[in-house]
2 protein chains.
Amino acid sequence: MEPIKQFELSKEYLESLQLGIEQGDNDFIQESLEGVNVADIAAILDELELHEVTYVLRLLEKQLAADILIELDQATLTKVLREFENSEIAEWIVLMDSDDGADILNLMSDKDREDVIAEFQDRVKSEQILELLRYEEDTAGGIMAKEFIRANKNWNIVQTINEIRRQAENVEKIFSIYVVNNRQQLLGRVSLKKIILAASDTRIEDIYEEDVISVPVTMDQEEVAAVMRKYDLESVPVVNVKNKLVGRITVDDILDVVQEEADEDIQAMAGVSADIEESDSVFTISKARLPWLLIGVMGGLMGAKIIGFFEDGLSKYLALASFIPLVAATGGNVGIQASSLIVQSLASKSAFDDTPFQRFVKGLFVALLNGLVLGAFVFCVVVFLYGFEPIFGITVGFALFCVVLLASFMGTVTPIVLNRFGINPAIASGPFITTTNDLLGLAVYFGVAMLLLKL
Amino acid sequence: MEPIKQFELSKEYLESLQLGIEQGDNDFIQESLEGVNVADIAAILDELELHEVTYVLRLLEKQLAADILIELDQATLTKVLREFENSEIAEWIVLMDSDDGADILNLMSDKDREDVIAEFQDRVKSEQILELLRYEEDTAGGIMAKEFIRANKNWNIVQTINEIRRQAENVEKIFSIYVVNNRQQLLGRVSLKKIILAASDTRIEDIYEEDVISVPVTMDQEEVAAVMRKYDLESVPVVNVKNKLVGRITVDDILDVVQEEADEDIQAMAGVSADIEESDSVFTISKARLPWLLIGVMGGLMGAKIIGFFEDGLSKYLALASFIPLVAATGGNVGIQASSLIVQSLASKSAFDDTPFQRFVKGLFVALLNGLVLGAFVFCVVVFLYGFEPIFGITVGFALFCVVLLASFMGTVTPIVLNRFGINPAIASGPFITTTNDLLGLAVYFGVAMLLLKL
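Residues numbered from 1 in each chain as written. Chains lettered and ligands numbered in written order. Predicted model: local features only at pLDDT ≥ 70, side-chain atom pairs only at ≥ 80, totals over all residues. Heavy atoms only, no water.

A. Structural view of the domain arrangement of chain A. Assigned domains of chain A: these are domain 1 (11-133), domain 2 (150-256) and domain 3 (282-452). Summarising the inter-unit geometry, the C-alpha centres of domain 2 of chain A and domain 3 of chain A are found 51 Å apart. (Domains from an automatic or database assignment.)

Okay, here's the thing in structure tokens:
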């Protein structure tokens, strides 16, 4: 019993496919890929050499090749597109949903894009895609498709079913039928279930639901994801400023958005600058990581200058050096905690959110509480367990308390400021801010020590 | 023009609602909530005091209250459930989809759960929910619903439409109709579109698609999310070991899974132990953060011991202290980068993934490359810009190189080991590992210094 009917992506098959390509055994290639899900075929092609991918794509039927193309890794896809004539790409794009076609065109250079569009044979599709290309890529307009079923409120069930029949080939998945007036303005929705269960002469006007949730073309894709998630929508109609129905977003695209945004945040927190995968080359991975590491190293080198500045004091009280990692690490940890909470609340904003001032006050109280607990704990360990004199325990404990306050403040303010400037606030939890907090922490630590230990 | 038809969740309305509750103005409450989306009503109730929430829920029609209940914040929901009699809760649960009912029962104590189940009037629903409660919460069985449309392969279109009519009230959203044989084993699926377009005497057998993707009841919910995302599914049938169709998972639940898993990873990386929100109290937030901060602080205190151990050497070569933050921060940054890449690849595993050995070798090369670049850079700055003697520059540079190698190794191995033991590997990018790397880094740094500087 094999419950998931999923193509077995084995290394053995991969090797036999490569052998088939090398030997030009077209029958074997076509037969072995027959009936396999396009997502699985794409996963196989992602593992092949470029010339092997193009060989297979040329061999397959055009519609199948087009379906596979949109499932390829972006890196593979970009390389594959360069291998084909613009006329061939145009033929494929016409066979795709408009949103997928627009995505492919967005990967090409301006010149190639224009050439491909000039080759389009299908006037309707070409107009649809040209419209989609006008919207920003990460807005509702940029991710919506032009393929959806629309019914005029004056139609009856028979007319609506005829429209479904007419569009059946273009619109693969039908979730809801959107109801519009004569000016194409969105009025509501009616489910396929209702269409099936209604009598043939029922008018759409009499059965459609008015409380349809739609999104404007300009809405950010993250916000669209939040709306669809909140209202449990499987698809959402997109309207322009005049409430005219212009497109539809389905939840499978939104699932990708949610995953991509989460991956982006995690990469930002980890200080990895490009979208890299484990399968990338050593050099690519190294290059994506080095910039943030260098920022951290430069911060460390500046830290050395700060400590060097206090060298006199340090030589008189050598134990100060021992607690440098404690102060630096705590500053970093507190900063990341504070910023990650703000980042999450920025992502799911609601009308009842705290104001910036309330956030600030609450963050201050949390920091005061945590700073007191940690400072007191460290004082006790330093004095009673490690046997240092009380004034030194007070110095380390109080410095830690100040660092917790400061790092918490930085962790709260930085993501809010970044967000206001349109920068992904998650980088506030990354190496850059950790490094800044380290430096501030060092300055505070030695400053407090100079004062309290009278160095 | 208001493109999103969404209830205006204003603070003004919230206040007028609270006034309405205080004055017992039931007409105002019911009228103002009429036609409002249940997700919006739930968002409002989340902001009210407990006695206000229960007042509103008692006032509303049972089906509406049940729909609102499942949209409430988990914290609010748990409190609300304690305020109602088990018989009242049972009435609500029978009105819910089985998966939502099971979720609610899972929030209750064993005793209350049994009492509520004993109160069920609807035998079918109670059997369905009892079945769902048997599965682990984060598996396909734990998130699936028992509400779906199933057609026997021998039925014709009319029989199928009759089944849809019969189930119309139970199954709110129909995406596909699942086709089974007489033993209820899953054979395939047929879309509503096909049902609408087919002639009434067409037999299901002749139009259904065989290549349906299903998931086993035991599959982890994260894997279910990966399958649905890969194959762009809006719903997926769930089967038992005998391939018997036992449930259905819809993509709106999966959207929540993807978001929750991402939030969990980010919280693990940020070192926040519980699922907290910005609206929680100062004390709750503080309590969720303190444990990881304490681990960091204890690490720092151990670091102090390590440095204290090398105090003699440090007193002879005070500049060593200056570069402690550099070494510690770089170790932390390298460790987080390495582990976050592994965590991402663990989440999206495929048959073509590198083996653990290949991962290890590749990680080693990336670390060698980055370690060389950073070590050489630091050597140059320390010697040529800061004017230290070359042997000291070699010491700091070489120590940094070793720390990069070591931290990279730890960052690669730790998530793999955690994952094997069933622990969320994302905590490998959190404070615990950063702290461990700090300590190892300190030991390596002073060890190298002792050797090279002959202290």
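B. Main features of helix H17 (residues 282-309) of chain A. Taking 1.5 Å per residue, 28 residues should reach 40 Å; H17 of chain A reaches 39 Å between its end C-alpha atoms and fits that length. The largest bend along H17 of chain A reaches roughly 35° and is located at Leu-290 of chain A, with the proline Pro-291 of chain A sitting one to four residues downstream. (Helix = DSSP H or I, 4+ residues; strand = E, 2+ residues; numbered from the N terminus. Expected span 1.5 Å × (residues − 1). Bend = angle between axes of the 7 residues up to and from the residue.)

C. View of the UniProt feature "transmembrane region" (unreviewed entry) in chain A. Residue and element names in this part refer to chain A. The UniProt feature table records "transmembrane region" (unreviewed entry) at residues 290-310, 317-343, 363-386, 398-418 and 430-453. Split by type, residues 398-418 is 100% helix and 0% strand. Its first and last C-alpha atoms lie 30 Å apart. End-to-end, the C-alpha atoms of residues 430-453 are 34 Å apart, and along that stretch the chain is 92% helix and 0% strand. (UniProt positions renumbered as here; feature names shortened; annotations may be inferred.)

D. Region of interest: the pairing of strand E3 (residues 186-191) of chain A. All names here are of chain A. Counting buried residues along E3, five of its six residues qualify, which places the element largely inside the surrounding structure. Where strand E2 (residues 176-180) meets E3, five bridges bridge the pair, whose relative direction is antiparallel. Bridge pairing links Tyr-178 to Arg-189 in E3. Counting the residues between successive antiparallel strands, the hairpin from E2 to E3 contains five residues, one of them, Gln-184, with a positive phi of roughly 65°. (Buried < 20%, exposed > 50% of the residue type's maximum accessible area, 1.4 Å probe, protein only. Pairing = 2+ DSSP bridges.)

E. Summary view of the side chain of Ser-408 of chain B. All names here are of chain B. As for its position among the elements, Ser-408 is in helix H22 (residues 390-420). Overall, Ser-408 belongs to the buried group, its relative accessible area being 4%. Residues within four places of Ser-408 in sequence aside, it is in contact with Val-334, Ala-338, Gly-363 and Ala-367. (Contact = heavy atoms within 4.5 Å.)

F. Looking closely at the interface of chain A and chain B. Taken together, the contacts link 134 residues of chain A with 134 residues of chain B. Summed over both sides, the interface of chain A with chain B buries roughly 11,900 Å², with 67% coming from carbon and sulfur. Seen at the junction of chain A and chain B, the total is six salt bridges. Glu-234 of chain B is paired through a salt bridge with Lys-173 of chain A; the nearest N and O atoms lie 3.1 Å apart. Here chain A and chain B share 24 residue pairs in polar contact (both at pLDDT 80 or more) between them. Here the residues of the side of chain A that touches chain B are counted per class, giving 81 nonpolar, 23 polar and 30 charged. (Buried area = accessible area lost by both parts, 1.4 Å probe. Salt bridge = Lys/Arg side-chain N within 4 Å of Asp/Glu carboxyl O. Polar contact = N/O pair within 3.5 Å; in protein donor to acceptor, adjacent residues only side chain to side chain. Nonpolar A, V, L, I, M, F, W, Y, C, P; charged D, E, K, R; others polar.)

G. Seen up close, the packing of aromatic side chains. Applying the stated criterion across every chain yields a total of 23 aromatic pairs over all chains. Summarising the aromatic geometry, the rings of Phe-388 of chain B and Phe-392 of chain B are spaced 4.9 Å apart at their centres and angled 40° between planes, so their arrangement reads as tilted. Among the aromatic side chains, those forming a connected cluster through ring pairs are Phe-309, Phe-310, Tyr-445 and Phe-446 of chain A. Positioned above the aromatic ring of Tyr-386 of chain B, the side-chain terminus of Lys-305 of chain A is 4.3 Å from the ring centre. (Phe/Tyr/Trp six-rings, centres within 6.5 Å; stacked < 30°, edge-to-face > 60°. Lys NZ or Arg CZ within 6 Å of the ring centre and 35° of its normal.)

H. Structural context of the nonpolar core. Formed by 75 residues in total, the largest nonpolar core has its most connected members in Phe-323 of chain A together with Phe-323 of chain B. Apart from residues lying up to four places away in sequence, Phe-323 of chain B is in contact with Leu-301 and Ala-304 of chain A together with Val-382, Tyr-386, Phe-388, Phe-392, Val-396 and Tyr-445 of chain B. (Core = buried A, V, L, I, M, F, W, Y, C linked by side-chain atoms within 4.5 Å.)

I. Broad picture of the sheet that holds strand E3 (residues 186-191) of chain B. Residues and elements named next belong to chain B. With mixed pairing, the three strands of this open sheet are ordered in space as E1-E2-E3. The sheet is open, and its two edges are formed by strand E1 (150-152) and E3, each paired on a single side. Across the sheet, the mean angle separating the axes of adjacent strands is 35° when strand polarity is ignored. (Axes fitted to C-alpha atoms, helices over the stretch in contact; angles between N-to-C directions.)

J. Quick peek at the state of the cysteines. This model, assessed by the stated rule, comprises zero disulfides over all chains. Of all cysteine sulfurs in the structure, the one in Cys-402 of chain B sits closest to Cys-380 of chain B, which takes part in no disulfide; the separation is 17 Å. (Disulfide = S-S within 2.5 Å.)

K. Expanded view of the UniProt feature "domain: CBS" (unreviewed entry) in chain A. As annotated in UniProt, the feature "domain: CBS" (unreviewed entry) corresponds to residues 208-264 of chain A in the numbering used here. Each end of residues 208-264 of chain A is marked by a C-alpha atom, and these two atoms are 40 Å apart; helix forms 42% of the span and strand 23%.

L. Expanded view of the pattern of salt bridges. Residue and element names in this part refer to chain A. Taken as a whole and judged by the stated rule, the model has 26 salt bridges over all chains. Two residues, Arg-166 and Glu-163, come together in a salt bridge whose shortest N-O distance is 3.2 Å. Residue Arg-166 and its partner Glu-163 are both found in helix H12 (residues 157-167); the two are separated by three residues, about one turn of the helix. By sharing partners, the salt bridges in this structure join Lys-153, Arg-203 and Glu-205 into a single network.

M. The arrangement of the relation of the copies chain A and chain B in detail. Here chain A sits on chain B after a turn of 180° about the axis and a move of 0.1 Å along it, with an RMSD of 0.2 Å. Those values place the two copies in the arrangement expected of a two-fold rotation axis. Comparing interface residues between copies, 100% of those in chain A also sit at the interface in chain B, which points to an isologous, same-surface contact. (Least-squares fit on C-alpha atoms with pLDDT ≥ 70 in both.)

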